[in-house]
Amino acid sequence: MTEIEYDRVPDVAEGGPGSELATRLRRFWEGRPGLYGWLATVDHKTLGIRYIVTAFAFLALGGIEALIMRIQLAQPNEHVLSPEQYNQLFTMHGITMILWYALPILTGFSVYLQPLLLGCRDMALPRLNAFTYWVFLFSGIFLYASFLIGAAPDAGWFNYVPLASIEHDSGPNIDFYALANIFLGISTTLGGINFIVTILRFRAPGMSINRLPIMSWGTLTISVASVLSIPAVSVAFFLLWMDRHFGTHFFDPATGGQPLLWQHLFWLWGHPWVYIIVLPALSMVSQALPVCCRRPLVGYSLVALATVLTMVLGFGVWLHHMFATGLPTMALAFFSAVSIIIAIPSAVSLFAWLATIWTGRPDFSTSFDFFAGFIIVFVIGGVSGFMTASVPVDWQLTDTYFVVAHIHYVLIGWNLFAVLGALYHWFPKMSGRMLNETLGKISFWFVFVGFNVGFFPMHITGLLGMPRRVYTYSADMGWGTLNLISSIGAFVLAIGLLITLVNVIRSLRVGVLAGPNPWDADTLEWATSSPPPPYNFAVIPTVASRSPLWEARLGEARSSTPERGFALDHGKETLGTTMLDAVPDVIVKMPEDSLAPLLLSLALAALFTTMMVEAWFWLIASVVAILVITMAWLWPRRSLGEIEGSTT
Amino acid sequence: MWSAIGADWGRQPRILRSSQALGALLLQFYAAPASAKAPLSFLSGAGPRNVSTLTWGVLIISVLVVIITTAILLFATFARRERPPSSTSKERQLVSRAGNPVSVIYAGLILSTVVLFGVTIWTMMTLADIAAPPSKPSITVEVTGHQWWWEVRYLSDDPSQIFTTANEIHIPVGEPVAIKLRSADVIHSFWVPALSGKTDTIPGQTNTTWILADRAGTYRGQCTEYCGLQHAHMGFELVAMPKEKFESWRKDQLRSASEKSLASPGQRAFMQKCAVCHTVRGTRAGGRVGPDLTHLMTRSTIAAGTLPNRIGYLSGWIADPQHVKPGSKMPRLDINGQDLAQVRSYLETLN
């Protein structure tokens, strides 16, 4: 769309802060001030921070829902919540955390960091980047609107039919989830495409694919997986919506439909999704932990391969969510074997981290604490997953609190611990100020102790037979003490997170100034100021190794030149390079701020609302609005080189 | 228990010692109270499908992996460490000449691959062992999940031997019993932890499983697939009894309700208030919505394992089911004290 080849050979320049080049670039790249600039911005740094803040807001919502549930479950036979309230809360908790927190937080870090890691000036498709953020936000608001009318989704996050069919759930509850899920899927799919193009074509010259920062491997891998897997769940929810509103029979057994079709479609997306929401977190650890250990990552190639291999195998294990549905033994055997063997690539990453720490010199920063804590909970979440992969054992473990413990070790352990470590690591880059280390360490211990006190006992509650998704339990089941301990742990964890929130707010005002590279780290994002200027890099850096800022000290013969490269100052421009070798290929004209992304997502929100309330006239009106806005968005522009003739 | 382990302490290889101590510790804390205090525990079983050996096997492997990796992590972090440079110093020293010890990864890779393949084989062997019962079951029980109770139907080629009960399954000890699983509404899951893992009941399809109890006893069962408002209160009991006792129980269950209570005031009230939904064989009460009540008083719980079947609970349940199980399909009837007493005294005759 925006890639146009030019005859011009770009100037090579040296640029630092305050140079004439920097001033000129700032004029092109700085967004307009005021409300318009706020709504129309396409700067990946602004959007990345918005993603992170919004995802943390959803984490807070999901967390509050969890704490209310933990009060209800703290003792047997409590009456804090009615069954209906409990069912809505556990469903919304799961949906919020898995869909509106877990990936968006990682997307936020990636949107902010990828162009900086790669040495370019923005995401490949900046307006699309803004669009995917707005769609993410509006789909979440759409979902939460269900609480306003007291009809939040209540069939669990995997929403099994026929419980979720119109016969058994006639309110609007399920429609909120179905439509919000499809709505969010648009954001995730397009976001994935944007990352794929950015990582494959917008790397700095010399950053051949084997020099790709390890974090980009995670993002690239899961972006491909998102694009491939999301259609399954979007189709599933669309068919369900058809069943519910037009009387089709895709899932209705009374008329030849298949309840298990839902489960296949759902888990065909659902299991890859589990890897989609943890692999980028793992790759953030692989990126930042070596910096904390003062050495490059051990086994870069193996870790990159393991990341891709995990994702590939992740597409072949969905049936392990369905071991109890009465499948033939042969199918069970295959899926059980793959589900056990998928642990092997995870072991590669684990040993790479351990070797990095062993041969490195840990700096005992808060980031390091979170990454070390992450490794322990990573292993616990890994082995409990390995246990559920063994079919006969899974027949006992599935749908008990053991699985609740497992998914929380994976989602909080693998995702949140990594994210908190990453926050302490990259906050200085994003804000220009350091987070307080003392508060950070206090926060870490609250989070680590609270998490383990809260969730480890759930393994045992599960082994003692407590089913998941029960709103209460009787005293003679022997689960009372363990549940009380879990509830206490949950609150300790919440306090730990609040301390980090206080730390962030405090540091934004009074934090120590960070400078460009406070951790003395090795990758390109640390070669520019903190926070980076709107154009990221005054000149496009040239890269000669995986650790461009450590080359001299690592004794590398080659040397990268972050300070000298293409100026690309004829307007908003960045460089496109070839896919494998990153040879300079095209000058890419980047779009200005635009309201089209916001307007298009508003029109989409209107479309989904009309589908919700069956307002057919307004539905057609929304479709027309969508077409008009899309046309305006795609209308060829001279400034983007989409019309022939001189542009500057 | 601890002292017994302590006595052996000096003689065994260290790894064996620690794994035994670990197993003993877990057993002491969780398995021992499990049988006594946690009726849904599956850590100790009473039949081959309980697979507690494999469960304990993978559990111990898992715990060992966690302990070993945590030890490596702590050692890697704290051992052989010079004082870290202050984190505020601008140019922090890099580890020079650290090499790239990829061999560590390969070693870990080989070790975990061996363990994982071993467990895969163990899994396949266990799976093959329990795929089919050791002998052909002579009894087939059809269990149908309803929101939120279990219909239990004993099948037979001879129609006169078929009968229906609810929320309580009786089987003979030492004999495999085939279970056919169906659903009347949404997906439920059938689970008797001490005897067998879960199998779902799915509308539109019939799943089959089998169950075998080595010991006589009462085992708790529970629905484990989330099925709506009262998923929490969808339990049942499975009673394994010696063959002769089972046969006499079966004969009793085949009887219709006793004739002498016919046309009592209690029965009239029952017909008026309850018969639309409940069946009492031998009377005109033929409702199929709720559980068959022909032999209600032989069952030990009511409301699907929610309350003990004692007269006070029964009265409370009839008077206000929505208080006990909010959302239950049994409506709150406006039933006056006299009718309630009569219905209750009629139910007491259903044994």
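If you're wondering where the values come from, they're calculated on a predicted model, not measured in any experiment. (Residues numbered from 1 in each chain as written. Chains lettered and ligands numbered in written order. Predicted model: local features only at pLDDT ≥ 70, side-chain atom pairs only at ≥ 80, totals over all residues.)

## Considering the overall build of chain B
Per the secondary structure count, chain B includes 9 helices and 12 strands. In chain B, the share of contacts with a sequence separation of at least 24, taken over all contacts with a separation of at least 6, comes to 62%. (Helix = DSSP H or I, 4+ residues; strand = E, 2+ residues; numbered from the N terminus. Contact = placed C-beta atoms within 7 Å.)

## Notes on the overall build of chain A
For chain A, the helix and strand inventory stands at 20 helices and 5 strands. Taking 2.2 N^0.38 as the reference for a compact globule, 648 residues should give roughly 26 Å; the C-alpha atoms of chain A span a radius of gyration of 25 Å, in line with that estimate. With respect to the three principal axes, the spread of C-alpha positions in chain A is 75 × 65 × 50 Å. When the 648 residues of chain A are sorted by exposure, 62% land in the buried category. For chain A, the share of sequence-separated contacts (at least 6 apart) that also reach a separation of at least 24 residues comes to 80%. (Rg over C-alpha atoms; globule rule 2.2 N^0.38 Å. Buried ≥ 20, exposed ≤ 12 C-beta atoms within 10 Å, placed from the backbone.)

## Overview of the interface of chain B and chain A
Across the contact, 78 residues belong to chain B and 79 residues belong to chain A. Mapped onto the side of chain B that touches chain A, the elements with two or more residues apiece are α2 (14-37), α3 (52-78), α4 (102-131) and β7 (196-201) of chain B. Element by element, the count of residues in the side of chain B that touches chain A is highest for α4 of chain B, at 16 residues. Broken down by class, the residue content of the side of chain B that touches chain A amounts to 42 nonpolar, 28 polar and 8 charged. (Nonpolar A, V, L, I, M, F, W, Y, C, P; charged D, E, K, R; others polar.)

## Here we look at the pairing of strand β3 (residues 561-566) of chain A
Where strand β1 (residues 12-14) of chain A meets β3 of chain A, 3 bridges bridge the pair, whose relative direction is antiparallel. Bridge pairing in β3 of chain A places A13 of chain A opposite G565 of chain A. (Pairing = 2+ DSSP bridges.)

## What about the packing of helix α4 (residues 83-118) of chain A against helix α15 (residues 401-431) of chain A?
Residue and element names in this part refer to chain A. Running from N to C, α4 and α15 cross one another at 30 degrees; their axes reach a closest spacing of 11 Å. By the criterion of interaxial angle, the relationship of α4 to α15 is roughly parallel. Note on packing geometry: the crossing formed by α4 with α15 is left-handed. Along its contact with α4, which presents M97, A102, I105, F109, Y112 and L113, the element α15 presents L411, N415, V419, A422, W426 and M430. (Axes fitted to C-alpha atoms, helices over the stretch in contact; angles between N-to-C directions. Parallel < 35°, antiparallel > 145°, perpendicular 65-115°, else oblique. Left-handed = near helix turned anticlockwise from the far one by under 90°.)

## Regarding α15 of chain A
Its axis deflected by about 45 degrees at H425 of chain A, α15 of chain A carries its strongest bend there, up to four residues before the proline P428 of chain A. Phi for G432 of chain A, located one or two positions after α15 of chain A, is positive at around 85 degrees. (Bend = angle between axes of the 7 residues up to and from the residue.)

## Overview of the sheet that holds strand β1 (residues 139-146) of chain B
Within a sheet, each strand pairs with its neighbour through backbone hydrogen bonds, oriented either parallel or antiparallel. Residue and element names in this part refer to chain B. Spatially, the 5 strands line up as an open sheet ordered β3-β2-β1-β5-β8, and their pairing is mixed. Each end of this open sheet is capped by a strand with a single partner; those strands are β3 (163-166) and β8 (207-211). Sheet twist, expressed as the average angle between the axes of neighbouring strands with direction ignored, equals 25 degrees. As paired strands, strand β2 (residues 149-155) and β3 are joined by 4 bridges and run antiparallel to one another.

## Topic: the environment of S138 of chain B
Residue and element names in this part refer to chain B. Topologically, S138 is positioned in the loop between α4 and β1. Here S138 falls in the exposed class, since 10 other C-beta atoms lie within 10 Å of it. Separated by 37 residues in the primary sequence, S138 and E175 place their C-alpha atoms 8.3 Å from one another.

## Focus on the nonpolar core
Generally speaking, nonpolar side chains in soluble globular proteins are found buried as a group. The biggest cluster of nonpolar side chains holds 294 residues, and the ones touching the most others in it are V285, A352, F374 and A418 of chain A. Of the residues forming this core, the biggest block, 22 residues, is contributed by α15 of chain A. (Core = buried A, V, L, I, M, F, W, Y, C linked by C-beta atoms within 7 Å.)

## Some remarks on unusual backbone geometry
For the peptide bond that leads from V161 of chain A to P162 of chain A, omega is 0 degrees, which places it in the cis range. Note that the residue after Q147 of chain B, namely W148 of chain B, is joined by a cis bond; omega there is 0 degrees. Take W148 of chain B: it is sitting in the loop between β1 and β2. Look at R294 of chain A: it is not a glycine, yet its phi comes out positive at around 60 degrees. As for its placement among the helices and strands, R294 of chain A is situated in the loop between α9 (279-292) and α10 (300-314). For R294 of chain A, a count of 23 C-beta atoms within 10 Å translates into the label buried. Positive phi values are uncommon outside glycine, yet E614 of chain A reaches one of about 55 degrees.

## Regarding helix α8 (residues 259-276) of chain A
Residue and element names in this part refer to chain A. With 18 residues, α8 extends 26 Å between its outermost C-alpha atoms, agreeing within 8% with the 26 Å of an ideal straight helix rising 1.5 Å per residue. Residue W267 marks the point of greatest curvature in α8, where the axis turns by about 30 degrees. The element α8 is extensively covered by neighbouring structure, given that 15 of its 18 residues are classed as buried. (Expected span 1.5 Å × (residues − 1).)

## A look at the packing of helix α11 (residues 329-341) of chain A against α4 of chain B
Where α11 of chain A contacts α4 of chain B, the axes come no closer than 10 Å and their chain directions differ by 160 degrees. In terms of orientation, α11 of chain A and α4 of chain B fall into the roughly antiparallel class. Note on packing geometry: the crossing formed by α11 of chain A with α4 of chain B is right-handed. Residues T329, L332, A333, S336, A337, I340 and I341 of chain A of α11 of chain A touch α4 of chain B, and the partners they reach there are L116, V119, T120, T123, M124, L127 and A131 of chain B. Residue composition of the contact of α11 of chain A with α4 of chain B, by class: 10 nonpolar, 4 polar and no charged.

## Side note on the sheet that holds strand β10 (residues 235-241) of chain B
Residue and element names in this part refer to chain B. Pairing in this open sheet of 3 strands is mixed, and the strands run β4-β10-β9 from one edge to the other. Bordering the open sheet on either side are β4 (168-172) and β9 (217-222), each of which pairs with just one other strand. Between one strand axis and the next, the sheet turns through 25 degrees on average, direction left out of account. Note: β9 against β10, 6 bridges, orientation antiparallel. Opposite R220, over in β10, you have E237 as the bridge partner. Against the sheet, helix α5 (residues 243-254) engages β4 and β10, with an angle of about 135 degrees to β4.

## Some words on the environment of Q205 of chain B
Residue and element names in this part refer to chain B. Positionally, Q205 belongs in the loop between β7 and β8. The exposure class of Q205 is partly exposed, given the 16 C-beta atoms found within 10 Å. In the structure, Q205 is positioned 22 residues away from S183 in sequence and 8.2 Å away in space, judged by C-alpha atoms.

## Here's the deal with the environment of G454 of chain A
Residues and elements named next belong to chain A. Here G454 is to be found in helix α16 (residues 437-463). The class of G454 is buried, set by 24 C-beta atoms lying within 10 Å. Sequence spacing of G454 and Q396 is 58 residues, and the spatial spacing of their C-alpha atoms is 22 Å. The residues touching G454, leaving out its near neighbours within four places in the chain, are S486, G489, A490 and L493.

## What about the pairing of β8 of chain B?
Residue and element names in this part refer to chain B. Burial within β8 is extensive, with 4 of its 5 residues counted as buried. Looking at chain direction, strand β5 (residues 177-183) and β8 are connected through 5 bridges and run antiparallel. Across the sheet, A178 pairs through a bridge with W210, a residue of β8.

## A few points about the confidence of the model for chain B
All names here are of chain B. Taken over all residues, the pLDDT of chain B has a mean of 86, while the share at 70 or more is 83%. Confidence drops under a pLDDT of 50 for residues 87-91, and excluding neighbours within four residues, the segment shows 4 contacts in the predicted structure. Of the two predicted TM-score estimates for the complex, the pTM is 0.93 and the ipTM is 0.91. (pLDDT = per-residue confidence, 0-100.)

## Topic: the confidence of the model for chain A
On average, residues of chain A score 94 in pLDDT, and 98% of them are at 70 or above. Overall, residues 1-5 of chain A carries pLDDT values under 50, and its contacts beyond four positions in sequence, including any with other chains, amount to 11 contacts.

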